Amino acid sequence: MATQDSTLAEKSKNQTVTNPKTNAKAREMLVTARVGLLLKAPFFGNIATRMELINADDWCPTAATDGRNFYYNSEFVVSLPLRQLEFLVGHEVLHAVYDHCGRKVDRDAKIWNIAADYCVNSDLLEQRVGDRITVVPILFAHKYVNWACERVYADLIENSDEEQLSKLLEQVLDDHLDGDGNEGSDGKDGKGRPSLSDADRKQIRDDLKEAVLNAAQTCDAGSLPSGVKRLIKDMTRPVIRWQDLIEQQIQSTIRNDFSFSRISRKGWHNDAIMPGMIPGEQIDVCIAFDMSGSIGTEDATAFLSEVRGIMEQYTEYNIRI
């Protein structure tokens, strides 16, 4: 650990630091918090120790992550009791694990960040990772426990007005690096925050996928948040195209009929003439579209195109949508 801390200290020489003594204390506390998580919440500790600690006093009021680095404000870090600091580290870990920046797509960044914090905080409280932060207000609602971020986002859009969203935004714990800024020659966006290329983001996602699977093996399933369990299940299950699944299901619904115009050979040895089976060409199906907040125009168009393909494939059909 001493070698790792020396390496991190070397990398921080060129960082803008408000107070070197405060920064040194903050780094020491962060290392201690990560060790604590390794002992008490191994999944979080393993992911956290992969991230480089980088001082961000010049642009970050609390903390942030891009999945590769842990950015922190030294004044904020030293203001937290150790158990609340563990909560902060766990908060950044889950943002990275859930790829909240990558999943935002074209959604409103401010509302998406509110939804992401609701999801992360509820998971941390569920697993008792550190203590709930009280130094600043944070977002939590029993209603959103075990909800996916997309579902929370859709609910906020539907049930919150601008004034309510503005108040909620003030309770977002960290700085979310959503990549909306314009990257300059120094590798930072228009707000002075670090910015990543699409290639970098893809590499980070690939690295995190492997790290999540490895970290999950270090702990029992009961110590994993429900969202992480779903994520690991998606990562390890065989991938089958949804179009192929629909085709398999439709084949099982085709109606067949019997006819003496096609004699069955099964009855020949009994001196009996039995009707044969005529393969059916009519389908009778009901199709349900998921049009929740996680479904965009591109997905909806693909759904409708698949229905059209079904109609063109069969001579007769009864389809309810």
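What counts, and where the lines are drawn
- Numbering of residues starts from 1 in every chain and runs along the sequence as written.
- Whole-chain, interface and lining totals are the exception, using all residues; otherwise, since this is a predicted model, local features are given only for residues with pLDDT of at least 70 and side-chain atom pairs are given and counted only at 80 or more.
- By convention in this description, side-chain values take in all heavy atoms of the structure and omit both hydrogens and water.
- Only DSSP runs of H or I reaching four residues or more are called helices, and only runs of E reaching two or more are called strands; each is numbered from the N terminus.
- Exposure classes here rest on a 1.4 Å probe applied to the protein chains alone. A residue is buried below 20% of its type maximum, exposed above 50%, and partly exposed in between.
- Between two residues, a contact is recorded if the distance between any of their heavy atoms is within 4.5 Å.
- Working definition of accessibility: Shrake-Rupley area with a 1.4 Å probe, residue cover restricted to the visible protein chains.
- With a 1 Å grid spanning the protein atoms alone, the term cavity applies to any set of points in which a 1.4 Å probe fits but cannot get out, the term pocket to an open set with protein on both sides within 12 Å along at least five of seven lines, and the term lining residue to any residue with an atom within 4 Å of a point.
- Grid points are joined across faces, edges and corners, and a volume is the space filled by probe spheres set on the points.
- In the scheme used here, Gly and all other residues not listed as nonpolar or charged are polar, with Ala, Val, Leu, Ile, Met, Phe, Trp, Tyr, Cys and Pro taken as nonpolar and Asp, Glu, Lys and Arg as charged.
- As used here, the term nonpolar core means buried Ala, Val, Leu, Ile, Met, Phe, Trp, Tyr and Cys residues forming a set that is joined through side-chain atoms within 4.5 Å.
- Should DSSP find at least two bridges between two strands, the strands are taken to pair.
- Lines fitted to C-alpha atoms define the axes here, with helix axes fitted over just the stretch in contact, and angles between the N-to-C directions of these axes take values from 0 to 180 degrees.
- In what follows, salt bridge is the name for a side-chain nitrogen of Lys or Arg lying within 4 Å of a carboxyl oxygen of Asp or Glu.

Assigned secondary structure in the protein chain consists of 13 helices and seven strands. Scored against the burial criterion, the 321 residues of the protein chain give a buried share of 42%. Considering only contacts in the protein chain between residues 6 or more positions apart, those separated by 24 or more positions represent 65%. Of the accessible surface of the protein chain, which amounts to about 18,100 Å², a share of 50% is contributed by carbon and sulfur atoms.

Using the criterion set out here, one finds four cavities of 30 Å³ or more in the structure. The computed volume of the largest cavity comes to approximately 220 Å³. Looking at the largest cavity, it is lined by 21 residues, and the ones nearest its centre are Asp66, His95, Asp99, His100 and Cys101. Counting only elements with at least two residues in the lining of the largest cavity, the list comes to α5 (82–97), α6 (100–103), α7 (109–127) and α10 (198–216). In terms of residues, the lining of the largest cavity owes the most to one element, α10, which gives four residues. Its residues placed into classes, the lining of the largest cavity shows seven nonpolar, seven polar and seven charged.

Below, the discussion takes up the nonpolar core. Most often, soluble globular proteins have nonpolar side chains that are buried together. The biggest cluster of nonpolar side chains holds 45 residues, and the ones touching the most others in it are Phe43, Phe44, Ile47, Phe70 and Leu88. Where this core is concerned, the elements lending two or more residues are α2 (20–40), α3 (42–48), β3 (69–72), α4 (74–78), α5, α7, α10 and α11 (226–236). The dominant element in this core, judged by the number of residues it contributes, is α5, at eight residues. Among all residues touching Phe70, those that are not within four sequence positions of it are Leu30, Met51, Glu52, Leu53, Ile54, Ala63, Ala64, Leu88, Val89 and Glu92. Ala116, Ala141, Leu156 and Leu165 belong to the second-largest nonpolar core, a separate cluster that totals 18 residues.

This next bit is on the sheet that holds strand β2 (residues 63–65). Read from one edge to the other, the open sheet built from three strands follows the order β1-β3-β2, with strand pairing classed as mixed. Because the sheet does not close on itself, it has two edges, and the strands there are β1 (52–55) and β2. On average, adjacent strands in this sheet sit at an angle of 25° to one another, irrespective of strand direction. Packed onto the sheet, α5 meets β2 and β3 and runs at close to 30° relative to β2.

As a further point, take the pattern of salt bridges. By the definition in use, this model includes eight salt bridges. Of the charged contacts, one joins Glu86 and Arg83 as a salt bridge, the two residues approaching to 3.2 Å between their closest N and O atoms. Of this pair, Glu86 and Arg83 both sit in helix α5, three residues apart, which is roughly one turn of that helix. Exposure remark for Glu86: the relative accessible area of 2% places this residue in the buried category. Across the salt bridge formed by Arg193 and Asp175, the nearest N and O atoms sit 2.6 Å from each other. With a gap of 18 residues between them, Arg193 in the loop between α9 (162–169) and α10 and Asp175 in the loop between α9 and α10 connect regions that are remote in the sequence. Overall, Asp175 belongs to the buried group, its relative accessible area being 15%. The network of salt bridges with common partners includes Lys40, Arg83, Glu86 and Asp131.

Let us look at the layout of surface pockets. Counted as a void, the largest pocket has a volume near 450 Å³. Considering the residues around the largest pocket, the lining is formed by 24 residues, among which Val97, Tyr98, Arg103, Gly227 and Leu231 are closest to the centre. Elements that contribute at least two residues to the lining of the largest pocket include exactly α5, α6, α7, α10 and α11. With six residues, the top contributor of residues to the lining of the largest pocket is α11. Split into classes, the residues belonging to the lining of the largest pocket amount to 12 nonpolar, five polar and seven charged.

Everything listed here is a matter of coordinates, which is why it stays silent on function.
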